[in-house]
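These are the residues of each chain, in order.
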Amino acid sequence: MTGALLLGAARFTGRLLAGPDTPYRVLLPALVATGLATPGTVLAATAAVVQAAPAENTGVASAVFNVARQIGNSLGVALFASLVAGRDPVPGPHLSALVAAAAFLAAALLALSSWRDAKARAAAARPSPPASPTDADCDARLSRSGDSR
């Protein structure tokens, strides 16, 4: 998910290059990043939410996630429209792209830090491997069983 979020930040940063006379070949990398980042982010977030929920509540978790995603999309469109409204054609979209890039970057940093925390918790929860028997342990077992070397 972190990679998709960083790709999302890059796509909005790439949109800062857009202007009225910008050739399509300059915009193409940002457009490709848009096509790759969105599914990667949404699918990874959905999987994380569903896996974090108890088995009997996975349907509810998925539904709540989708409702939150729809509300977020609506608020995002309204926010970006307010940033663009009443401005020159170029600075408004640039400001909205900058805000979106910052949000994606913050989300990527949050995902990375939570991944590191989860990795550390998993390592701490893992039981340590049993110690290998020493020669003295083997000798003690042999002497109890009546065998000798």
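A.B. asks: Looking at this structure, how should I read the packing of helix α1 (residues 2-14) against helix α2 (residues 24-52)?
C.D. replies: When two helices pack together, you describe them by how their axes are tilted relative to each other and by the distance separating the axes. Direction vectors running N to C along α1 and α2 enclose 150°, while the axes themselves pass 8 Å from each other. As the angle between them shows, α1 and α2 are arranged roughly antiparallel. Every pair of crossing elements has a handedness; the one defined by α1 and α2 is left-handed. Here A4, L5, L7, G8, R11 and G14 of α1 lie close against α2, whose contacting residues are A30, A33, T34, L36, A37, T38, G40 and T41. Looking at side-chain class alone, the contact of α1 with α2 contains seven nonpolar, six polar and one charged residues.

A.B. asks: I would appreciate a short explanation of the packing of α2 against helix α3 (residues 58-84) in the present structure.
C.D. replies: Contact geometry for α2 and α3: axes closest at 9 Å, N-to-C directions at 140°. Taken together, the axes of α2 and α3 lie oblique to each other. When you trace α2 past α3, the crossing you get is right-handed. The segment α2 lies against α3, with V42, A45, T46, V49 and V50 engaging T58, A61, S62, F65 and R69. Per-class residue counts for the contact of α2 with α3 are six nonpolar, three polar and one charged.

A.B. asks: Can you walk me through the nonpolar core in this structure?
C.D. replies: Side chains of nonpolar character tend, in soluble globular proteins, to be buried together. Of all hydrophobic cores here, the largest spans nine residues; its members are L5, A9, F12, A97, A100, A101, F104, A108 and A111. For this core, the elements supplying multiple residues, two or more each, are α1 and α4 (91-125). Ranked by the residues each element gives to this core, the list is headed by α4, at six residues. Excluding anything up to four places from it in sequence, A9 contacts A101, F104 and L105.

Conventions used here
- Residues numbered from 1 in each chain as written.
- Predicted model: local features only at pLDDT ≥ 70, side-chain atom pairs only at ≥ 80, totals over all residues.
- Heavy atoms only, no water.
- Axes fitted to C-alpha atoms, helices over the stretch in contact; angles between N-to-C directions.
- Helix = DSSP H or I, 4+ residues; strand = E, 2+ residues; numbered from the N terminus.
- Parallel < 35°, antiparallel > 145°, perpendicular 65-115°, else oblique.
- Left-handed = near helix turned anticlockwise from the far one by under 90°.
- Contact = heavy atoms within 4.5 Å.
- Nonpolar A, V, L, I, M, F, W, Y, C, P; charged D, E, K, R; others polar.
- Core = buried A, V, L, I, M, F, W, Y, C linked by side-chain atoms within 4.5 Å.
- Buried < 20%, exposed > 50% of the residue type's maximum accessible area, 1.4 Å probe, protein only.

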